[in-house]
Amino acid sequence: MLEKKMEEALNKQINEEMFSAYLYLSMSAYFDSIGLKGFANWMMIQYKEETDHAMKIYNYLISQGADIYLYSIKEPAHQWESPLKAFEETLKHEQHITQCINDLVDLAEDIKDRATYNFLQWFIDEQVEEEENDREIIEKLKLVENNKSGLFMLDKDLSLRKYSPLITEGN
Ligand code: FEO
């Protein structure tokens, strides 16, 4: 059984994860529109992973007998100035999500909610990986700046990313 403030905070996090999914789906469409299919693939997988993150929290709330509140999802941007600007926004957004997760962990600690504290550890590790991936792509984008063949090589690399569904049921 969760305390009400933890139930509310986790429901808000579902919304944060769903907005992340929307943002990356919009970026996937943007990359498609400028002919970078590999980048579009990378962002489409990111979209699916964010939906999985939302569902992981949803399933946790259900397993705790908590109520679910599906808040409105904000409209993301539709265009970016360049691939680099899109990835810089991605990193900034993930840093925001890391802060949200850290706040949830602090709340779990404050109210001595051990189950939620344990549940959140997966998200802490995931955020380290997400920020690292974004930073790597930003560095590569800076290296290939104004070099079309470098950008297409990077696009080819990103086309290789594969989606592995997260098993969320009961988690
Ligand atoms: Fe679900 Fe990208 O954090």
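What counts and what doesn't
Residues numbered from 1 in each chain as written. Predicted model: local features only at pLDDT ≥ 70, side-chain atom pairs only at ≥ 80, totals over all residues. Heavy atoms only, no water. 1 Å grid on protein atoms, 1.4 Å probe; cavity = no way out; pocket = protein on both sides within 12 Å on 5 of 7 lines; lining within 4 Å. Points joined across faces, edges and corners; volume = space filled by probe spheres on them. Helix = DSSP H or I, 4+ residues; strand = E, 2+ residues; numbered from the N terminus. Nonpolar A, V, L, I, M, F, W, Y, C, P; charged D, E, K, R; others polar. Patch = residues over 30% accessible without salt bridge, like charges linked within 9 Å, V, L, I, M, F, W, Y side chains within 5 Å. Areas by Shrake-Rupley, 256 points an atom, 1.4 Å probe, with all protein chains shown as cover. Salt bridge = Lys/Arg side-chain N within 4 Å of Asp/Glu carboxyl O. Lys, Arg positive; Asp, Glu negative; His and termini not counted. Charge placed at Lys NZ, Arg CZ, Asp CG, Glu CD. Buried < 20%, exposed > 50% of the residue type's maximum accessible area, 1.4 Å probe, protein only. Contact = heavy atoms within 4.5 Å. Expected span 1.5 Å × (residues − 1). Bend = angle between axes of the 7 residues up to and from the residue.

Draft legend 1. Quick look at the layout of surface pockets. There is about 320 Å³ of room inside the largest pocket. Looking at the lining of the largest pocket, the elements that each hand over two or more residues are α3 (83-110) and α5 (148-158). Here the residues of the lining of the largest pocket are counted per class, giving eight nonpolar, four polar and two charged.

Draft legend 2. How the structure looks around a negative patch on the surface. A cluster of like negative charges, contributed by Asp103, Asp106, Glu109 and Asp110, occupies part of the molecular surface. Looking at where glutamate 109 falls in the secondary structure, it is placed in helix α3. Owing to a relative accessible area of 42%, glutamate 109 belongs among the partly exposed residues under this scheme.

Draft legend 3. Summary view of unusual backbone geometry. Within the chain, lysine 112 stands out as a residue other than glycine whose phi angle is a positive 55 degrees. Along the polypeptide, lysine 112 turns up in the loop between α3 and α4 (114-143). For asparagine 146, which is not a glycine, the phi torsion comes out positive at approximately 60 degrees. Of note, asparagine 146 is situated in the loop between α4 and α5. What makes asparagine 146 exposed here is its relative accessible area of 80%.

Draft legend 4. Focus on the side chain of histidine 53. Within the fold, histidine 53 resides in helix α2 (residues 37-63). When near neighbours in sequence (up to four residues on either side) are disregarded, histidine 53 contacts Glu17, Trp122, Phe123, Glu126, Glu130 and Leu166.

Draft legend 5. Spatial organisation of the environment of phenylalanine 119. Here phenylalanine 119 is to be found in helix α4. In this structure, the C-alpha to C-alpha distance between phenylalanine 119 and lysine 56, residues 63 residues apart in sequence, is 9.6 Å.

Draft legend 6. Quick peek at α4. Over its 30 residues, α4 runs 45 Å from end to end, which matches the ideal 44 Å to within 8%, given 1.5 Å per residue. Remark: the principal bend of α4, roughly 25 degrees, maps to leucine 120. Three or more residues of α4 are buried, namely Thr116, Phe119, Leu120, Phe123, Glu126, Gln127, Glu130, Glu131, Asp134, Ile137, Ile138 and Leu141. Buried residues along α4 sit in contact with α1 (4-33), α2, α3 and α5.

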